[in-house]
Amino acid sequence: MRDAAIVLLTLNEIDGLRLLWDEIPVHAFRETVAVDGGSTDGTREFLAERGIPILDQSIPGRGVAFRVAADACRSERLIFYSPDGNEDPADIERLDDLLLGGARLAIASRFAQGAINEEDVGSFRPRSWVNQTLTMLANLTFNSGTYITDTINGFRALRRDDLLALNTSVKRFPIEYQISIRAMRRGWPIAELATVEGQRAGGESKALSWPVGKDHLRVFLTELPGAKLLRER
Ligand SMILES: Nc1nc2c(ncn2[C@@H]2O[C@H](COP(=O)(O)OP(=O)(O)OP(=O)(O)O)[C@@H](O)[C@H]2O)c(=O)[nH]1
Ligand SMILES: [Mg+2]
């Protein structure tokens, strides 16, 4: 049994849950919890029927959800999984293995050698381009280790104590970007695995491209002060 928790992040993901549930390796993990942003489509009932504790958040946002999980879980390691069809459940245990192998942040990368991201089916790939530009900025500015190919994907794992120590503040989507940047600034070993990103199973995207892109840029800028100083420590 892994001393780790699968943290499901849900906001109206009933279609994805129905499709993926049997593939999520709940039995290999000490805990599985869901942080729910206020679903009204049957997600909560689906989880409750399967005995999964549902943690509520007082204000919306994935960033808030990350901190709710860190406060509530008792396991040493947390694997964040969004059951919307984008993330391959077979990678859940592989991410935990990267932590067991010494990484302090493990990321399922959509841009590593051998990976596939959801836009690879077309030739116009605005989201990938924005993602990769933000990732390049973070690497050039904050990373003195191996190049990280996907600083933004939410499918990731880290130790609970490490997440608390990062003292994150982002409320919404760019929480992952803030975590990656702060881990880079501290010189933590970061490991990636190449993942295959699937298409959304149903429901609706909550990540509107323009506002989310802008929010990431803001995080990049607010992480800048003192960055150099910290790297030199
Ligand atoms: N707990 C919680 N989960 C959220 C919140 N916002 C989004 N999520 C979940 O986070 C995951 C990712 O959100 P998406 O809307 O799929 O964002 P995305 O993966 O960038 O966009 P798509 O490509 O459309 O899938 C999904 O499982 C959502 O249900 C929130 O405020 N609270
Ligand atoms: Mg998604």
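Residues numbered from 1 in each chain as written. Chains lettered and ligands numbered in written order. Predicted model: local features only at pLDDT ≥ 70, side-chain atom pairs only at ≥ 80, totals over all residues. Heavy atoms only, no water.

This part covers the site of ligand 1. Around ligand 1, a shell composed of 22 residues is seen, among which Glu13, Arg62, Asp84, Asn86 and Lys206 lie nearest. Leu9 places a main-chain nitrogen or oxygen 2.9 Å from an oxygen atom of ligand 1. Assessed atom by atom at 2 Å from the grid points, ligand 1 resides in the largest pocket. Listed by contribution, the elements that provide at least two residues to the shell around ligand 1 are β1 (2–10), β2 (29–36) and α3 (62–72). Of the residues that constitute the shell around ligand 1, the class distribution is 7 nonpolar, 7 polar and 8 charged. (Near = heavy atom within 4 Å. Polar contact = N/O pair within 3.5 Å; in protein donor to acceptor, adjacent residues only side chain to side chain. 1 Å grid on protein atoms, 1.4 Å probe; cavity = no way out; pocket = protein on both sides within 12 Å on 5 of 7 lines; lining within 4 Å. Sits in = over half its atoms within 2 Å of the grid points. Helix = DSSP H or I, 4+ residues; strand = E, 2+ residues; numbered from the N terminus. Nonpolar A, V, L, I, M, F, W, Y, C, P; charged D, E, K, R; others polar.)

By the criterion of burial, strand β5 (residues 105–109) is predominantly enclosed, with 5 of the 5 residues buried. The side-chain alternation of β5 yields two buried faces, one formed by Leu105, Ile107 and Ser109 and the other by Ala106 and Ala108. Relative to strand β6 (residues 156–159), β5 runs antiparallel, the two sharing 3 bridges. Looking at the pairing, Ile107 lines up with Arg156 of β6. Sheet topology note: the β5/strand β7 (residues 190–194) ladder contains 5 bridges and is parallel. Residue pairing for β7: Leu105 is matched across the bridge by Ile190. (Buried < 20%, exposed > 50% of the residue type's maximum accessible area, 1.4 Å probe, protein only. Pairing = 2+ DSSP bridges.)

Here we take up the pattern of salt bridges. Here the idea is simple: oppositely charged side chains can pair when their charged atoms come close. Following the criterion strictly, the structure yields 22 salt bridges and no others. A salt bridge links Arg50 to Glu49; the shortest N-O distance between them is 3.5 Å. Arg50 sits in the partly exposed class, given a relative accessible area of 37%. Across the pair Glu223 and Arg185 runs a salt bridge, and its minimum N-O distance is 3.7 Å. Of this pair, Glu223 sits in helix α8 (residues 209–223) while Arg185 sits in helix α7 (residues 175–185), and the two are 38 residues apart along the sequence. For the pair Glu223 and Arg185, a shared accessibility class is recorded, and that class is buried. By sharing partners, the salt bridges in this structure join Arg2, Glu76, Arg77, Glu93, Asp96, Asp97 and Arg159 into a single network. (Salt bridge = Lys/Arg side-chain N within 4 Å of Asp/Glu carboxyl O.)

What follows is about the layout of surface pockets. The computed volume of the largest pocket comes to approximately 1100 Å³. Taken together, 44 residues make up the lining of the largest pocket; nearest its centre are Arg62, Arg127, Phe173, Lys206 and Ala207. If you list the elements that add at least two residues to the lining of the largest pocket, you get β1, α3, α5 (126–142) and α8. The leading source of residues in the lining of the largest pocket is α8, at 7 residues. Class assignment for the residues of the lining of the largest pocket results in 17 nonpolar, 14 polar and 13 charged. (Points joined across faces, edges and corners; volume = space filled by probe spheres on them.)

The biggest cluster of nonpolar side chains holds 36 residues, and the ones touching the most others in it are Val7, Val35, Leu78, Phe80, Leu163, Tyr177 and Ile179. Among the secondary structure elements, those contributing two or more residues to this core are β1, β2, α3, β4 (77–81), β5, α5, α7 and α8. Setting aside residues up to four positions removed in sequence, Val7 forms contacts with Val33, Val35, Ala69, Cys73, Leu78, Ile79, Phe80 and Tyr81. (Core = buried A, V, L, I, M, F, W, Y, C linked by side-chain atoms within 4.5 Å. Contact = heavy atoms within 4.5 Å.)

Residue Glu223 is classed as buried on the basis of its relative accessible area, which comes to 2%. Reaching out from Glu223, the side chain makes a polar contact with the side chain of Gln178 at a distance of 3.0 Å. Residues within four places of Glu223 in sequence aside, it is in contact with Phe142, Gln178, Ile181, Arg182 and Arg185.

These results come straight from atomic positions and should not be treated as a statement about function.
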